[in-house]
Each structure stands twice: as structure tokens, then as C-alpha cells.
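Summary of structural features
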Amino acid sequence: MARITDRTVLIVGASSGIGAEVARQLAADGNRLVLTARRAPELTRVADEVRAAGSACLDLVADALDPRAAAEVVTAGVAEFGAIDVALLNAGQGPDMSMDRVSVADVARIMALNYDTVVNYLVPLIDRMGSQADGGLIAHTNSLAGLMGIPRQGPYSAAKAAARTLIDAARVELAPRGIRFTSIHPGFVATERISGDGLPKPFQISQERAAQHVVRALEREPAQAYFPWPTATLVRTLRALPAPVSAAVLRRLASA
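Residues numbered from 1 in each chain as written. Predicted model: local features only at pLDDT ≥ 70, side-chain atom pairs only at ≥ 80, totals over all residues. Heavy atoms only, no water.

1. Notes on the overall build of the protein
From N to C terminus, the protein includes eight helices and nine strands. For a compact globule of 256 residues, the expected C-alpha radius of gyration is about 18 Å, and the protein comes in at 18 Å, within 12% of that figure. Expressed as lengths along the three principal axes of its C-alpha atoms, the size of the protein is roughly 55 × 40 × 35 Å. Counting the 256 residues in the protein, one finds 48% classified as buried. Long-range pairs, those at least 24 residues apart, make up 70% of the contacts in the protein between residues at least 6 apart in sequence. If you sum the accessible surface of the protein, you get close to 11,600 Å²; carbon and sulfur atoms cover 54% of it. Distance from the positive charge centre (27 side chains) to the negative charge centre (25 side chains) of the protein: 7 Å. (Helix = DSSP H or I, 4+ residues; strand = E, 2+ residues; numbered from the N terminus. Rg over C-alpha atoms; globule rule 2.2 N^0.38 Å. Buried < 20%, exposed > 50% of the residue type's maximum accessible area, 1.4 Å probe, protein only. Contact = heavy atoms within 4.5 Å. Areas by Shrake-Rupley, 256 points an atom, 1.4 Å probe, with all protein chains shown as cover. Lys, Arg positive; Asp, Glu negative; His and termini not counted. Charge placed at Lys NZ, Arg CZ, Asp CG, Glu CD.)

Structure below.
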């Protein structure tokens, strides 16, 4: 395991939550951080904290849903620091969504927020890292919900599963070019965004603890990283059970 020091790290979705906390945790190790998000005031605050901790920082306001804006962020990061060594694709949302109440537009939006945002950065990053001598690491904050259909999070589960499959394929194809991929699967994390959504959140952990897991995954570069262990074990068990049994358990958990 190699500690992340003196590296250029791009964090997408860095204005709050896990992305902001990962930026803070990497800031003390002399890294060069490229931070991007939609919300300018929040992003500026995180960037100021990173600089105060001793790391160079380029903060760029951009909408991850805009492929041109995403490509421009990658280009600007390379222009500023010469390369991008590590990228953490952390944009996304997973609101409470019952399938008997959603519209087609609701599902399409969740797919865009959790899949299109990955693609919009993945393609330009592959292009850039493929020309770098050491390639690079592309990590994606996926979810344990992406491993199976979770009630009240069906569109989110579907989008995360699609992103995982795409990255799994890229990992095999691009290994000869030195581009590595890590899919990071958190359980429930106590971010401000989900604090009042009404979903049951068994084994929830703090965003600081989640960021520690993410940083460890960036250092170790496993193909898949799962945390926290109680939630990961629960999901693995549910996937191994007969479908009627796992469905009964999931219905009970969703209504808790």
C-alpha cells in the first residue's frame, strides 16, 4: 500500500460529503488537488481548507452532467499540474424513490446523475491517462446498493450497477495501458444530503469514517472496495439467499 503523497488528484463532487472530506484528508500530504462541483461557495470553502493545509489546489465550478464542462475540467487540471494521477468520480444522488410513485423523468434523472456523470469524466480521463507514462487510477464512488435492487432505491441501484459494469469492462481493456480502476461501495453514510430522506439506514457511518475508507481504497487500488463490513456482509448474505427469502428481508428492512 502506497500513501498518496505528491500526487495530482481530481475529485468530482468535492463541495460536500465524502468528496470534501477526502480532499481534506489528502491535503496534508503535499498533494495537488483539482476539485470540482456545481456549488461555487461550498467548493471555494473546501479549496481554501486544502490550501491552508499545505496542498496546491485548483477549484473549478462545473456541472458533471455537462460532458463539455467535464472534459474542460480534465484539460484544465492537466494544464495546471501536468497530469492527473488519481481521479475520484464522486458525483451522484440516491433519494428515496418508490417505484409506484416515480415518473419516467424521475428515473431518467437519477440515471443521469449516477451514470452519465461517470461517463462524462471517464472518457476524457481515459484519453489523458492513456498518454501518461504511468497511466493513472480512476476510482468511482459506487454503492452497496449497486449490488442488488434495493427497495425505494431502484433507479439508484440500477444506475450504480450500470456504472460498475462499465468500469469492470474498462478495467480489463485498459490494463495494458496502465490505467487502473477501483469501484468503491459504501453503505449508508451520514451526509447532510440524505439526513432527512426517510430511508432506513442500518449501520450508518460518518462521512469522515467513509472518507478514510475511500482514501485507503485509493492507496490499495483493489478492483472493488466494500464498507462498512456489517452492511457489506448483510448485502452479500442477501445475494446468497434464495430470492423469496431475500425479498422478504428487504421488504422488512425498507419498511423499518
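Structure shown, so let's carry the discussion forward.
2. Considerations on the environment of serine 206
Mapping serine 206 onto the fold places it in strand β8 (residues 205–206). With 15 residues separating them along the chain, serine 206 and threonine 191 place their C-alpha atoms 7.4 Å apart. Beyond its immediate chain neighbours, meaning those up to four positions away, serine 206 contacts Val189 and Ala190. In terms of polar contacts, serine 206 uses its side chain to reach the backbone amide nitrogen of arginine 209, at 3.1 Å. (Polar contact = N/O pair within 3.5 Å; in protein donor to acceptor, adjacent residues only side chain to side chain.)

3. Here's the deal with the packing of helix α3 (residues 67–81) against helix α4 (residues 104–129)
In contact at an axis separation of 8 Å, α3 and α4 are set at 35° when each is read in the N-to-C sense. Of the two possible hands of crossing, α3 and α4 adopt the one that is right-handed. From α3, Pro67, Ala70, Ala71, Val73, Val74, Thr75 and Val78 reach across to α4, where they touch Asn120, Tyr121, Pro124, Leu125 and Arg128. Across the contact of α3 with α4, the residue classes break down as nine nonpolar, two polar and one charged. (Axes fitted to C-alpha atoms, helices over the stretch in contact; angles between N-to-C directions. Left-handed = near helix turned anticlockwise from the far one by under 90°. Nonpolar A, V, L, I, M, F, W, Y, C, P; charged D, E, K, R; others polar.)

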